[in-house]
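# Examination of the molecular architecture
Read off the chains here:
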Amino acid sequence: MENIMKIFGENAFTESNLKKRVPKKVFEEFKKVQKGEIELTKENADLIATAIKDWATKRNATHFCHWFQPLTELTAEKHDSFIEPHGDKDFIYRFSGSNLIKGESDASSFPNGGLRSTFEARGYTVWDTNSPPFIKENELGATLYIPTSFISYNGEALDKKLPLLRSMDAVNKSATRLLNLLGYTEVKNVIPTLGVEQEYFLIKKEHFDKRIDIMFTGRTLFGGKTPKNQESSFHYYGKIKDKVLNFMANLDYELWKVGVSAKTRHNEVAPNQFEIASIFDVANLAADQNHIVMETLEKLALKHGFVALLHEKPFSYVNGSGKHNNWSLATDTGENLFDPKSPTFMVFLSAMVEAVDRYYPILRSMIASCSNDYRLGGHEAPPSIISVFLGSHLTDKFKDAKLSLVDDKIVYGSKDKKIKKNVTMININQDFDDRNRTSPFAFTGNKFEFRMPGSTSSPANTSMVINAIISTVLNEYSDKLESSKNIEKTINSIIKESNKKHSRIIFNGDGYSKLWHEEAEKRGLKNISNTYEALQFYLDKDIIKMFESNNVLNKVECHSRYKAFLNRYVDNRLTECNTLIYMIDKYILNFTYKYIPTILFEEEQNEIKTYSNYLLHYKKELAQLLQQINEIDFEEKARLLSKDSIILEAKIRKVIDYLESKIPAEYWTIPTYTELLFTL
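Residues numbered from 1 in each chain as written. Predicted model: local features only at pLDDT ≥ 70, side-chain atom pairs only at ≥ 80, totals over all residues. Heavy atoms only, no water.

In the annotation of an unreviewed UniProt entry, the protein is listed under the name Glutamine synthetase III and assigned to Streptobacillus felis.

Take a look at the structure:
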């Protein structure tokens with residue numbers, strides 16, 4: 001059998017592919033384009049486009065598309081063929097530099113928060129030169145995918161990638177600037193890195209087809225608790241079933257072909273829940289690759305007779321699915337700035353803690369969604385109160401941190417040059433402290449793990465915010481150092497003062513406990529419990545100022561995202577309410593009415609009738625609420641849907657779950673949790 005590892009990256013147009021296919025000077029200039037030093041010339045763009053086209057068509061590609069990430073949780077693409085007329089009857093394959101670099105789309109048809117309207121619809125897609133084009137195969141050929149950003153006619157960001165790229169530029173400049181001031185003048189670039197852990201559920205396709213709620217909303221709107229759920233975590237790291245393992249092997253194979261470094265696969269805690277994780281990469285590439293993972297998951301699951309559920313909370317009583325974002329900063333000299341052995345580790349640790357404390361509301365906003373609201377605070381998901389976990393040992397070290405100037409470089413440790421070789425070593429082992437799985441933002445050895453993002457979210461959003469908030473703090477540190485006559489004294493003063501002001505965000509205890517909720521309130525940390533509340537921080541003046549100072553988002557873009565995401569929240573919540581009413585009328589009442597005449601005992605029959613009447617009453621209340629919601633503006637809609645409708649839905653669910661527990665399977669033909677969670 002051929003070693004399948006040989007196929008890694010065969011469908012990705014990597015830099016090594018380009019280097020072999022264009023003149024040396026063109027490749028060198030392209031590298032400068034990637035760094036933002038120069039613009040890509042038309043001549044070089046044409047040469048690169050021809051090289052990509054020749055490579056792609058040899059792999060049976062007939063079409064190309066600009067692949068982008070609009071303000072949804074999905075990606076978008078429009079396919080064009082390579083063929084162009086040549087003479088009366090002939091055709092040629094053609095792909096120009098302009099085809100590669102820029103595309104055009106109807107921007108008014110995508111969520112844009114008012115930035116585009118039908119009569120001013122022009123939007124552009126622009127190639128991200130740092131994310132390699134790749135090929136997706138189908139039965140009759142293949143398509144070349146070109147990762148792009150999406151902008152309006154006026155230049156505003158209409159997607160998630162462009163703000164990410166801007167934030168990467170911001171943190172590169174701010175971190176490099178600070179390192180140079182600390183004596184590390186050899187550092188020219190700093191890159192944010194990201195490792196993504198993707199959780200998901202698998203269910204049988206035949207069961208999916210019978211659950212209208214999963215089909216329309218991604219989750220079950222009702223379902224009674226089974227005799228067995230996830231007690232004792234019997235599924236976690238358990239033996240993977242053969243049919244699931246075959247699916248996972250197929251998934252790895254397809255991902256490796258397009259250069260996605262899928263590394264880890266295992267059973268998760270909940271029944272029929274699994275995880276796939278990729279190796280760390282540059283943030284924008286990691287974000288693109290995670291979208292490839294999600295799309296490939298859903299596509300291949302169908303081929304194996306499954307449906308992959310990416311919803312954050314498809315089932316009650318068991319874990320939801322998250323997407324842990326593992327973030328760090330790396331220099332072009334090979335240094336991980338959050339490695340405890342790094343000489344500037346304490347400086348960057350201080351900046352990160354301060355950044356989270358000052359701007360945690362926008363971190364909460366970025367992971368806010370209708371689906372993630374159901375997950376946060378549940379078992380294995382962090383609470384909606386954001387805190388930073390360092391561990392007791394590192395917290396103590398941080399509190400007493402002392403930096404020194406040695407050979408014109410700031411380091412953590414002693415001034416004694418005789419022991420300089422040890423001066424960069426913090427006296428802790430990377431695993432000195434235990435992990436805290438209840439922490440939303442945890443230091444885990446040489447990186448920060450942001451555990452709040454949901455399984456459908458784009459890593460581009462979270463990485464963008466982390467880059468922007470730490471960039472703000474790093475620049476403030478640099479401003480103080482540039483006006484200082486004593487670098488050593490100033491940097492120690494900065495860290496000491498920062499620790500004093502912002503240590504309230506550090507919490508090493510149980511994030512699930514009621515005591516933490518009380519303690520967080522005393523510390524002045526907000527419990528932002530739902531999406532409606534979280535999205536308001538897009539309008540916060542200090543947060544807008546932070547984004548604008550880093551050239552990540554301007555005021556107009558912040559306001560547009562608020563509107564776009566709030567509209568999406570309203571649409572998703574309305575879909576859930578309407579689906580629930582539809583299923584009551586179409587299925588639940590029908591099951592009930594068929595069963596009632598068969599009941600022998602009057603007492604039991606009356607009980608079922610009573611619950612049926614409850615159901616009719618609550619359904620009527622929900623329908624009236626929806627009528628009221630239809631007549632008010634979208635902000636008031638969001639407020640009502642974040643509270644009133646959820647209370648009603650919970651009452652309805654309780655009634656339906658009771659009826660499910662009483663009505664025999666011959667009448668209750670919708671798959672229950674037993675079938676959904678314990679058969680594959």
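## Structural notes on the nonpolar core
Within the largest apolar cluster, 129 residues are counted, with the highest numbers of intra-cluster contacts made by Met352 and Phe547. Among the elements that take part in this core, helix α18 (residues 555-595) stands out by supplying 17 residues, more than any other. Counting 29 residues, the second largest nonpolar core, distinct from the first, contains Tyr200, Ile240, Trp256 and Ile292. (Core = buried A, V, L, I, M, F, W, Y, C linked by side-chain atoms within 4.5 Å. Buried < 20%, exposed > 50% of the residue type's maximum accessible area, 1.4 Å probe, protein only. Helix = DSSP H or I, 4+ residues; strand = E, 2+ residues; numbered from the N terminus.)

## Description of the layout of surface pockets
In this structure, the largest pocket spans a volume of roughly 1,400 Å³. Every residue lining the largest pocket is counted, 42 residues in all, and those nearest its centre are Val33, Gln34, Lys35, Thr129 and Asn130. Element by element, the count of residues in the lining of the largest pocket is highest for helix α5 (residues 161-181), at six residues. Of the residues belonging to the lining of the largest pocket, the class tally is 22 nonpolar, 10 polar and 10 charged. A domain-level breakdown of the lining of the largest pocket finds at least three residues from each of domain 1 (4-158) and domain 2 (167-414 + 432-565). Roughly 860 Å³ of internal volume is contained in the second largest pocket. Around the second largest pocket sit 29 residues that line it, and Leu74, Thr217, Gly218, Glu298 and Thr456 are the ones nearest its centre. For the lining of the second largest pocket, the elements supplying multiple residues, two or more each, are α7 (212-217), α9 (283-303), β13 (306-309), α11 (370-373) and α18. In terms of residue count, the dominant contributor to the lining of the second largest pocket is α9 (five residues). Across the lining of the second largest pocket, the residue classes tally to 12 nonpolar, 11 polar and six charged. (1 Å grid on protein atoms, 1.4 Å probe; cavity = no way out; pocket = protein on both sides within 12 Å on 5 of 7 lines; lining within 4 Å. Points joined across faces, edges and corners; volume = space filled by probe spheres on them. Nonpolar A, V, L, I, M, F, W, Y, C, P; charged D, E, K, R; others polar. Domains from an automatic or database assignment.)

## Some points on the packing of aromatic side chains
Throughout the structure, instances matching the rule amount to 30 aromatic pairs. A ring pair is formed by Phe441 and Phe450, whose centres lie 5.5 Å apart and whose planes are at 55 degrees; its orientation type is tilted. A relative accessible area of 1% means that Phe441 is categorised as buried. Seen from the ring of Phe222, Arg211 lies directly overhead, with NZ or CZ sitting 4.7 Å from the centre. Taking NZ or CZ as reference, Arg219 lies 3.8 Å from the ring centre of Tyr374, over its face. (Phe/Tyr/Trp six-rings, centres within 6.5 Å; stacked < 30°, edge-to-face > 60°. Lys NZ or Arg CZ within 6 Å of the ring centre and 35° of its normal.)

## Section: the domain arrangement of the protein
When its domains are assigned, the protein resolves into domain 1 (4-158), domain 2 (167-414 + 432-565) and domain 3 (566-679). Of the residues lining the interface, 43 residues belong to domain 2; the matching set on domain 3 comes to 35 residues. Interface area, domain 2 with domain 3, both sides summed: about 3,500 Å², of which 64% is carbon and sulfur. On the domain 2 side of the contact with domain 3, Leu221, Phe222 and Tyr532 bury the most area, a combined 21% of that side's loss. The tally of links between domain 2 and domain 3 comes to one salt bridge. Residues Arg219 and Glu576 are paired through a salt bridge, measuring 3.0 Å at the closest nitrogen-oxygen approach. The tally of links between domain 2 and domain 3 comes to 22 residue pairs in polar contact (both at pLDDT 80 or more). If you list the elements that add at least two residues to the side of domain 2 that touches domain 3, you get β9 (190-204), α7, α11, α16 (531-535) and α18. (Contact = heavy atoms within 4.5 Å. Buried area = accessible area lost by both parts, 1.4 Å probe. Salt bridge = Lys/Arg side-chain N within 4 Å of Asp/Glu carboxyl O. Polar contact = N/O pair within 3.5 Å; in protein donor to acceptor, adjacent residues only side chain to side chain.)

## Considerations on the pattern of salt bridges
Scanning the model with the defined rule gives 28 salt bridges in all. A salt bridge links Lys409 to Glu186; the nearest nitrogen and oxygen atoms lie 3.5 Å apart. Here Lys409 is found in strand β17 (residues 409-412), whereas its partner Glu186 is found in the loop between α5 and β9, with 223 residues between them in sequence. The class of Glu186 is partly exposed, set by a relative accessible area of 37%. Salt bridges linked by common partners bring Arg219, Arg573, Glu576 and Glu649 together as one network.

## Here we look at the side chain of Glu649
Relative to the elements of secondary structure, Glu649 occurs in helix α21 (residues 644-662). For Glu649, the side chain forms a polar contact with the side chain of Arg573, separated by 2.4 Å. Excluding residues within four positions of it along the chain, Glu649 makes contact with Arg219, Arg573, Glu576, Cys577 and Leu580.

## A few points about the packing of α18 against helix α19 (residues 602-630)
The interhelical angle for the contact between α18 and α19, taken along N-to-C directions, is 155 degrees, at an axis separation of 11 Å. Here α18 lies roughly antiparallel to α19, going by the angle between them. As α18 packs across α19, the resulting crossing turns out to be left-handed. Across from Leu574, Cys577, Asn578, Leu580, Ile581, Ile584, Asp585, Ile588, Leu589, Thr592, Tyr593 and Tyr595 in α18, the residues of α19 making contact are Glu604, Ile608, Ser612, Leu615, Leu616, Lys619, Leu622, Ala623, Leu626 and Ile629. The residue makeup of the contact of α18 with α19, split by class, is 16 nonpolar, three polar and three charged. (Axes fitted to C-alpha atoms, helices over the stretch in contact; angles between N-to-C directions. Parallel < 35°, antiparallel > 145°, perpendicular 65-115°, else oblique. Left-handed = near helix turned anticlockwise from the far one by under 90°.)

## Here's the deal with unusual backbone geometry
For Asn272, which is not glycine, the phi torsion reads 60 degrees and is therefore positive. By the secondary structure assignment, Asn272 is in the loop between β10 (262-267) and β11 (273-278). Unlike most non-glycine residues, Asp407 shows phi in positive territory, near 50 degrees.

## Brief notes about the side chain of Arg568
Looking at the secondary structure, you find Arg568 in helix α18. Ignoring anything within four residues of it in the chain, the contact list for Arg568 reads Leu71, Thr72, Glu73, Lys160, Ala368 and Ser369.

## Observations concerning the packing of helix α2 (residues 24-34) against helix α3 (residues 42-57)
When two helices pack together, their arrangement is given by the angle between the helix axes and the distance between those axes. Remark: α2 packs on α3, axes separated minimally by 11 Å, with the N-to-C direction vectors making an angle of 105 degrees. Taken together, the axes of α2 and α3 lie roughly perpendicular to each other. Residue-level contacts link Val26, Glu29 and Phe30 of α2 to Asn44, Leu47 and Ile48 of α3.

## Some words on the pairing of strand β1 (residues 61-67)
Burial runs high along β1: five of the seven residues are buried. Strand direction decides the pairing type here: β1 and strand β8 (residues 141-152), joined by six bridges, are parallel. Note on β8: the bridge partner recorded for Cys65 is Tyr145. Bridge count between β1 and strand β2 (residues 79-81): three bridges; the pairing is antiparallel. From the neighbouring strand, Cys65 faces β2, where its bridge partner is His79. (Pairing = 2+ DSSP bridges.)

## Observations concerning a nonpolar patch on the surface
Nonpolar side chains collect at one region of the surface, where Ile83, Phe91 and Tyr93 lie side by side and expose about 300 Å² of accessible area between them. Position of Phe91 among the secondary structure elements: in strand β4 (residues 90-93). (Patch = residues over 30% accessible without salt bridge, like charges linked within 9 Å, V, L, I, M, F, W, Y side chains within 5 Å. Areas by Shrake-Rupley, 256 points an atom, 1.4 Å probe, with all protein chains shown as cover.)

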